[in-house]
Amino acid sequence: MIRPFSARRPIIMGSITGSYLGIILWLGWLAVSGNLPEGPGWALPLVAMVYGAFIVPLAAVGLLIFGLPAAQAVEGDFRAWWLPIASLIMGAIGGKILASILYYLLWQNFRAPWGGGLFGPEIVIGAATGLCFWWFERKWRIADEYRRRTEGEWSADFDPENL
């Protein structure tokens, strides 16, 4: 049984790490493909930090909408070989859908999730966030399994009698 409200750490860490990793990967892709905007080189880390700060809450919302139900569906062993691949794919799809919804809410113009190209920043950031969420969820579940074996079902940080 998963303890109530105990999945907040993988969501927070997954959204922060995945957002910044996705931004760095996207900027790296732009640099390799020669599409990096003109400007001073010192501004690139600043751009990554600012964009990442705006994307972290959106990534957290995406993990709450797409990541938690997927984690509940798996519910078993997070060490399966196919889960990192599934988290990449689900993160990319979730990032594209969430970006389309945000685009509609901001500009009242619907952009289909399959429109606008197959490779965009929302896909890279979503895939990175999905993979980071899998990694932190896996670490949390392994630590929780160990804690249960050593301390019993309920540890001192959560007591169902003290709600």
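Preceding this paragraph is the structure being described.
Residues numbered from 1 in each chain as written. Predicted model: local features only at pLDDT ≥ 70, side-chain atom pairs only at ≥ 80, totals over all residues. Heavy atoms only, no water.

**Considering the nonpolar core**
So the rule is basically this: Residues belong to one nonpolar core when they are buried, are Ala, Val, Leu, Ile, Met, Phe, Trp, Tyr or Cys, and are joined through side-chain atoms within 4.5 Å. Per-residue accessibility, obtained with a 1.4 Å probe over protein chains only, is compared with the maximum for each type, and a residue is labelled buried under 20%, exposed over 50%, and partly exposed between these values. Only runs of H or I of at least four residues qualify as helices and only runs of E of at least two qualify as strands under DSSP, and these elements are numbered from the N terminus. Note on contacts: a residue pair is in contact if any heavy atoms of the two residues lie within 4.5 Å.
Membership of the largest hydrophobic core is limited to eight residues, which are Ile23, Trp26, Leu27, Leu30, Ala48, Ile55, Val124 and Ile125. For this core, the elements supplying multiple residues, two or more each, are α1 (8–33), α2 (43–74) and α4 (121–151). Considering each element in turn, this core owes the most residues, four residues, to α1. When residues no more than four places from it in sequence are discounted, the contact partners of leucine 30 are Asn35 and Leu36. Among the nonpolar cores identified, the runner-up in size contains seven residues, and Leu63, Ala71, Phe78 and Phe133 belong to it.

**Describing α1**
Here is the rule: How far a helix is expected to stretch is found by multiplying one less than its residue total by 1.5 Å.
In this model α1 runs 37 Å from its N-terminal to its C-terminal C-alpha over 26 residues, within 8% of the 38 Å that 1.5 Å per residue would give. Buried residues of α1: Pro10, Ile11, Gly14, Ser15, Gly18, Ser19, Gly22, Ile23, Trp26, Leu27 and Leu30, and no others. On its buried side, α1 packs onto α2 and α4. Directly after α1, the chain includes glycine 34, whose backbone phi takes a positive value near 80°.

**Brief notes about a nonpolar patch on the surface**
Operational definition: Note on patches: the residues involved have over 30% relative accessible area and no salt bridge, like charges join within 9 Å, and the nonpolar side chains Val, Leu, Ile, Met, Phe, Trp and Tyr join within 5 Å. Accessible areas in this description were obtained via Shrake-Rupley with a 1.4 Å probe; residue shielding takes into account the shown protein chains only. A side-chain nitrogen of Lys or Arg and a carboxyl oxygen of Asp or Glu constitute a salt bridge if their distance falls within 4 Å.
On the surface, a nonpolar cluster with roughly 730 Å² of combined accessible area is contributed by Trp42, Leu44, Leu46, Val47, Val50, Tyr51 and Phe54. In this fold, leucine 44 is placed in helix α2.

**With respect to the packing of α1 against α2**
Counted only if it meets this: To define axes, lines are fitted to C-alpha atoms, for helices over the stretch in contact only, and angles between the resulting N-to-C directions are given on a 0 to 180 degree scale. Under this scheme an angle from 65 to 115 degrees is roughly perpendicular, one under 35 degrees roughly parallel, and one over 145 degrees roughly antiparallel; angles in between are oblique. For any pair of crossing helices, the crossing counts as left-handed if the nearer helix is rotated counterclockwise from the farther one by less than a right angle, and right-handed if it is rotated clockwise. All residues other than Ala, Val, Leu, Ile, Met, Phe, Trp, Tyr, Cys, Pro, Asp, Glu, Lys and Arg, Gly among them, are scored as polar; the first ten of these are nonpolar and the last four charged.
Their axes nearest at 7 Å, the elements α1 and α2 cross at an angle of 130°. The angle between α1 and α2 falls in the class oblique. In this structure, α1 meets α2 at a crossing whose hand is right-handed. When the residues that make up the contact of α1 with α2 are grouped by side-chain class, the tally is 17 nonpolar, four polar and no charged.

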